[in-house]
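Inside the fold
Spelled out, the chains give:
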Amino acid sequence: MENNNQLIGLTNEEVLASREKYGENLLSPPKRDSLWKLFLEKFKDPIIRILLIAAFLSLIVSFVHKEYAETIGIFCAIFLSVGVAFWFETDANRKFDILNQVNDDTLVKVIRNGNISEVPKKEIVVGDIILLETGEEIPADAKLINAISLLVNESCLTGELSISKTTNPQSFHEDSTYPSNMIYRGTTVIDGHCSAEVTSIGDATEFGKVAREATETSTEETPLNKQLDKLAKFIGIIGFALATLTFSTLFFKDIFFEGPTYTAGQLGLLLGIILAFLITTSKVWLPIIYDGINLSGSKFIAPKYITEGSWLKWISIGILTFALVCLLGFFRGTNPFNAESWIPMKDAERILEYFMIAVTLIVVAVPEGLPMSVTLSLALSMRRMLKTNNLVRKMHACETMGAATVICTDKTGTLTQNQMRINQTNFYGLKQQQLENDEISKLIIEGVAINSTAFLDYSDSKKIKALGNPTEAALLLWLNDNKINYLDIRKFTKVVELLTFSTERKFMATAVDSSAMPGKRILYVKGAPEIILGKCKNLLSADGLHPIEKFKPEIDSQLLQYQNQAMRTLGFAYKEIDINDTSDIKFQAEKGLTFLGIVAISDPVREDVPEAVNKCIEAGIKVKIVTGDTPGTAKEIGRQIGIWKPEDSEINIITGPDFEALPEEEAFNRVRELKIMCRARPTDKQRLVQLLQKNNEVVAVTGDGTNDAPALNYAQVGLSMGSGTSVAKEASDITLLDDSFNSIATAVMWGRSLYKNIQRFILFQLTINVAAMIIVFLGSILGHQLPLTVTQMLWVNLIMDTFAAAALASLPPDSGVMKAKPRKNDDFIITQIMRFNILFTGLSFVILLLILMFNFRGEDGEISRYNLSCFFTIFVMLQFWNMFNAKAYATGRSAFFGITQSFGFIIAALIILVGQFLIVQFGGDVFRTAPITPKDWLIIIGSTSGVLWIGEIIRFINKQWKN
């Protein structure tokens, strides 16, 4: 825009044309899924899917046997699990509904039609000339026209608390994240004033782009879902294989060995029905076979015509196949319309019964309680983590945090306090750098308090807030730390003249009628040390004035030391001036000053960060810093927190622009070695996260600014700070309410402990399933039914498992998990030790139960109601005591260790025990039980407890062996 247009701004017609072309200055709100969609998404859980298949197969069995309790129980398990997960997440969302609601009606000064006027922020258009002053938020991206002493807080975009902005090309910062003559929406003017031409509005601004990327859906699957998906496939293939084996054995034994002789035509029609059924149900069993092949290590994907083809297509093919079989049989002399061409009805019913047994095996194989266990574990952890300052918004994040292998952390506000503080002072007149009641101390105090444009907000005594320039506010905070209120100094000191800081001068000056030296007029000057030194004649030390040249080498050495530590430095000087001297303050500050000293200012590392980072490193988690700061500052912070070592080189650090320029393959390899990315933009951080994920890493990202939001969204776990921006919180999965990096280490410990709890339940649940499956299989092959009713199995497989899930899920976190390395992303959730325990314990239970079945039979071959009740109770108590063994899994300690702190476990165990007693004693015909005598109760409880004592002995031997 030409200068003459810049003076008059846009006309009304130009405003309308610009709004028509570029739209309004509004951010598009993130799309929210409907409650129905959120609810239906819960059915995508792999275990829920296989449970649904089992439920519908169970429904077929129910129609045949007229017994619906098991089916109803499975459907209850599904909807209870889905409902709990849905409720906890929607409840968390309600509590966490923190969208970036910007006040779009805030008035902004603009030049239009040659006049200065105020318009709402949402009405700003591209081409508008906006006028901004200290304290105002920038409403849109704009190019500077004029800038006077302009400092901008860009921490929400780059992490930089104070950035100097200018229109002078000679003063441009070459290593800045964004151009020095551009200002951006969402940032704040902390000093000076400016005019600027708007270049982008709304979603087109840098702020808008970041907010939009933060709401894009990440398709990255959580580690737990990957492992549960693999477990679901494994269970499916085992159940399907055993069911197929059972049906085939019974079918061929009946058809070819024990049953009547059938004609070739009858067998042909029967096989035709079976073939048609197999084709019709291809969408169910073919993917299971492909899953089995994939689990063996081969990579085969089920064809789309199977997985995506409609049921109607496969039903039609099945009917057509059967029709062709009938037609073929007709030409070979078998009339399908003749009843005698088919096997007898009673034989058909027997074959159908074999099919029902096979389906029952699949139902028994599926762990109905597992989804509830996972959901309860996540939900309980979600609530309990809140007590450790981790507000979990997305349930999966509880466990995923435990699988993290890399943490990409922001610097400002995450590793550091997001508040500039005095790191070190070097006033040459102060003894041991302590302020006293002497003249030199009074000069320093007055100079710091008066020669400043900053303020402090004392409204919250626990956390004093800096207002204005962060560097100047750091000086006031230093006075406050020394029990000095700067307002008291300003109250009794008269300011004669003030020269504000500018990027061109690089110093500021204030002339006052001093209260520190009554009757004298003092000129205080502070700014860049090299500038201030050039204006000084003397240096004031504790023993008087000295020529400045004598101290310059020492001062230069100190400055270099501070700069190497990435700290900002300020020099301080003063001068006594004549009260009657009317010369310009700028002229008076040019020479003859007395140097007081220098201070080093930094955004200090939070006290708990080095220890917390060390915990993560010891736990095998790589920590990477991603910041908008300079390389020097980033390296120094990395050194302070313990991730940047003396042996590290340029391969371990990169700037955002250099990272963007890397080809994809080179960047893919480079991210493995990176420890620090500086001068990073939001897109750089997002790319880093996605490349790490391609490297098979599980990535957690921490941040508090809007610039962190895209990476927070795309990471497997995003952790925002409680004091961060609303956009960052909205994009995250967990918010650290205390802004403490130590809470991240706590979250890792919770996540790993939660994963162990889920493994413990799987160990417990699958032991039951293995025992039940083998008994059903052997019983059907040997011609005997399982001596447990459907309602009894419902108690064992669903209700009892729910209490067991609650018991194991409520176990407190174990700090010992932090000594282990992160599990691999592709690990199977059932470890080798678990597999051995499941098979050994399950087979041992089967042998014991088969012996009991044989001993409980009477002379007529039947088992009495009383003995059936004993058998049922023994089966349950075996699982009950095995739950204690599951509790001790992977701890190396006794099952009784920490039992007094495991209140939830004790309560759940008591409920199972009392529940079993009530069912047996009062269940009657509903549960097919008869009351057991107290003596037999004691015998059963005592004898089955051997399961626990054997486990204790094995754990004791293993512990002694390791020691």
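Note that this is a predicted model, so its numbers are computed, not measured. Each chain carries its own residue numbering, running from 1 in the written order of its sequence. Local features in this predicted model are restricted to residues of pLDDT 70 or higher, and side-chain atom pairs are both shown and tallied only at a pLDDT of 80 or more, whereas totals for entire chains, interfaces and linings draw on every residue. To obtain the side-chain values, all non-hydrogen atoms of the structure were used and water was disregarded.

Points about the overall build of the protein
Selection rule: Every helix listed is a DSSP run of H or I at least four residues long, and every strand listed is a run of E at least two residues long, numbered separately from the N terminus. When accessible area is computed with a 1.4 Å probe and restricted to protein chains, residues below 20% of their type maximum are described as buried, those above 50% as exposed, and intermediate ones as partly exposed. Here, residues are in contact when the closest pair of their heavy atoms is within 4.5 Å. Method for areas: the Shrake-Rupley scheme with a 1.4 Å probe, in which residue coverage is limited to the protein chains shown.
Looking only at helices and strands, the protein has 35 helices and 25 strands in total. Out of the 963 residues in the protein, the part that is buried amounts to 55%. Partitioning the contacts of the protein with sequence separation of at least 6, the portion at a separation of at least 24 is 73%. Counting only carbon and sulfur atoms, one obtains 59% of the accessible surface of the protein, whose full area is about 43700 Å².

A look at the pattern of salt bridges
Stated precisely, the cut-off is as follows: Should a side-chain nitrogen of Lys or Arg be within 4 Å of a carboxyl oxygen of Asp or Glu, the pair is scored as a salt bridge.
Inspection of the entire model under this criterion finds 22 salt bridges. Residue E650 pairs with K635 through a salt bridge whose shortest N-O separation is 3.4 Å. Taken together, the positions of E650 in the loop between helix 22 (631–641) and strand 21 (653–655) and K635 in helix 22 put the pair 15 residues apart, joining distant regions of the chain. Among the residues examined, E650 registers a relative accessible area of 54% and is labelled exposed. Residue K635 is classed as partly exposed on the basis of its relative accessible area, which comes to 28%.

Things to note about a nonpolar patch on the surface
What counts here: Note on patches: the residues involved have over 30% relative accessible area and no salt bridge, like charges join within 9 Å, and the nonpolar side chains Val, Leu, Ile, Met, Phe, Trp and Tyr join within 5 Å.
A grouping of L320, L324, L327, F330 and F331 is seen on the molecular surface, where their side chains present a nonpolar patch of about 560 Å² in accessible area. Following the sequence through the fold, L324 ends up in helix 11 (residues 311–331).

Examining the confidence of the model for the protein
Operational definition: As a per-residue quantity, pLDDT reports the predictor's confidence and falls between 0 and 100.
Across the protein, the average pLDDT comes to 83, with 88% of residues at or above 70. Note that pLDDT drops below 50 for residues 1–5; the model gives that stretch five contacts with residues more than four away or on any other chain. Scored below 50 in pLDDT, residues 95–102 shows 21 contacts in the model against residues more than four places distant or in partner chains.

Some thoughts on the environment of S117
With respect to the secondary-structure elements, S117 resides in strand 2 (residues 115–120). Here S117 falls in the partly exposed class, since its relative accessible area comes to 29%. When neighbours within four sequence positions are excluded, S117 is seen to be in contact with V108, K109 and V110.

Brief notes about unusual backbone geometry
Within the chain, R679 stands out as a residue other than glycine whose phi angle is a positive 50°. Position of R679 among the secondary structure elements: in the loop between strand 22 (676–678) and helix 25 (682–694). With a phi angle near 70°, N696 is a residue other than glycine that sits in the positive phi range. Mapping N696 onto the fold places it in the loop between helix 25 and strand 23 (699–703). Note on N696: relative accessible area 41%, which makes it partly exposed.

Section: the environment of A909
Looking at the element boundaries, A909 is found in helix 32 (residues 903–922). When its relative accessible area of 6% is taken as the criterion, A909 is described as buried. Measuring from C-alpha to C-alpha, the distance between A909 and F880 comes to 7.6 Å, with 29 residues separating the pair along the chain. Excluding its chain neighbours within four sequence positions, the residues that come into contact with A909 are F880, M883 and F884.

A look at empty space enclosed by the protein
To find leftover empty space, one rolls a probe the size of a water molecule over the atoms. Stated precisely, the cut-off is as follows: A 1.4 Å probe that fits but cannot get out identifies a cavity on a 1 Å grid over protein atoms alone, an open set with protein on both sides within 12 Å along at least five of seven lines counts as a pocket, and a residue lines either if it has an atom within 4 Å of a point. Grid points are joined across faces, edges and corners, and a volume is the space filled by probe spheres set on the points. Residue type decides the class: Asp, Glu, Lys and Arg count as charged, Ala, Val, Leu, Ile, Met, Phe, Trp, Tyr, Cys and Pro as nonpolar, and the leftover types, Gly among them, as polar.
Using the criterion set out here, one finds three cavities of 30 Å³ or more in the structure. Reported here for the largest cavity is a volume of approximately 60 Å³. What lines the largest cavity is F427, L443, I444, G447, V448, N451, Y524, V525, K526, F572, A573 and L596. Secondary-structure elements contributing two or more residues to the lining of the largest cavity are helix 15 (439–450), strand 15 (521–527) and strand 18 (568–577). Along the lines of polarity and charge, the residues of the lining of the largest cavity split into nine nonpolar, two polar and one charged. Taken as a whole, the second largest cavity spans an internal volume of roughly 50 Å³.

What about helix 32?
Short version of the rule: For a helix, the expected span equals 1.5 Å multiplied by the number of residues minus one.
Here helix 32 contains 20 residues, and its C-alpha end-to-end distance of 28 Å stays within 8% of the 28 Å for a straight helix at 1.5 Å per residue. Among all positions in helix 32, only F905, A908, A909, I912, G915, Q916, I919, V920 and Q921 are buried. Just downstream of helix 32, G924 is the residue with a positive phi angle, here 55°.

Looking at the sheet that holds strand 21
Definition in use: DSSP-based pairing: two strands are paired if at least 2 bridges between them are found. Note on method: axes are straight lines fitted to C-alpha atoms, helices fitted across the in-contact stretch only, with angles between N-to-C directions ranging 0 to 180 degrees.
The strand order across the open sheet built from eight strands is 8-25-24-23-9-20-22-21, with neighbouring strands paired in mixed fashion. If you trace the sheet from one side to the other, it starts and ends with strand 8 (390–392) and strand 21, each paired once. The mean angle between the axes of side-by-side strands here comes to 20°, regardless of whether they run parallel or antiparallel. Inspection of the sheet shows strand 23 paired to strand 24 (residues 717–721) by four bridges, in the parallel sense. Note that in strand 24 the partner of V701 across the bridge is G718. Contacting strand 9 (406–409), strand 20 (622–626), strand 22 and strand 23, helix 25 runs over the sheet at an angle of about 160° to strand 23.

Re helix 21 (residues 609–618)
Going by this rule: This arc is taken over the directions from the axis of the helix to the C-beta atoms.
Buried residues of helix 21: V609, A612, V613 and C616, and no others. All buried residues of helix 21 fall inside an arc of 100° around its axis, so they share one side. Exposed residues lying more than 90 degrees from the buried face of helix 21 are E611 and E618. Among the structural elements, strand 9, strand 20, helix 22 and helix 28 (742–782) are those in contact with the buried residues of helix 21.

A closer look at the packing of aromatic side chains
Centre distance and the angle of the planes are the two values used to describe a pair of aromatic rings. Here is the rule we go by: Whether two aromatic rings pair depends on their centres lying within 6.5 Å, for rings of Phe, Tyr and Trp, where Trp uses its six-membered ring; planes under 30 degrees apart make the pair stacked, over 60 edge-to-face, and the rest tilted.
Enumeration according to the criterion identifies 19 aromatic pairs in this entry. Geometrically, the ring pair formed by F234 and F828 is edge-to-face, given 5.6 Å between the ring centres and 70° between the ring planes. Of this pair, F234 sits in helix 7 (residues 223–258) while F828 sits in the loop between helix 29 (790–809) and helix 30 (832–856), and the two are 594 residues apart along the sequence. Among the residues examined, F234 registers a relative accessible area of 31% and is labelled partly exposed. Residue F828 is classed as partly exposed on the basis of its relative accessible area of 24%. Relative to F331, the ring of F330 lies with its centre 6.1 Å away and its plane at 75°, an arrangement referred to as edge-to-face. A relative accessible area of 46% places F330 in the partly exposed class.

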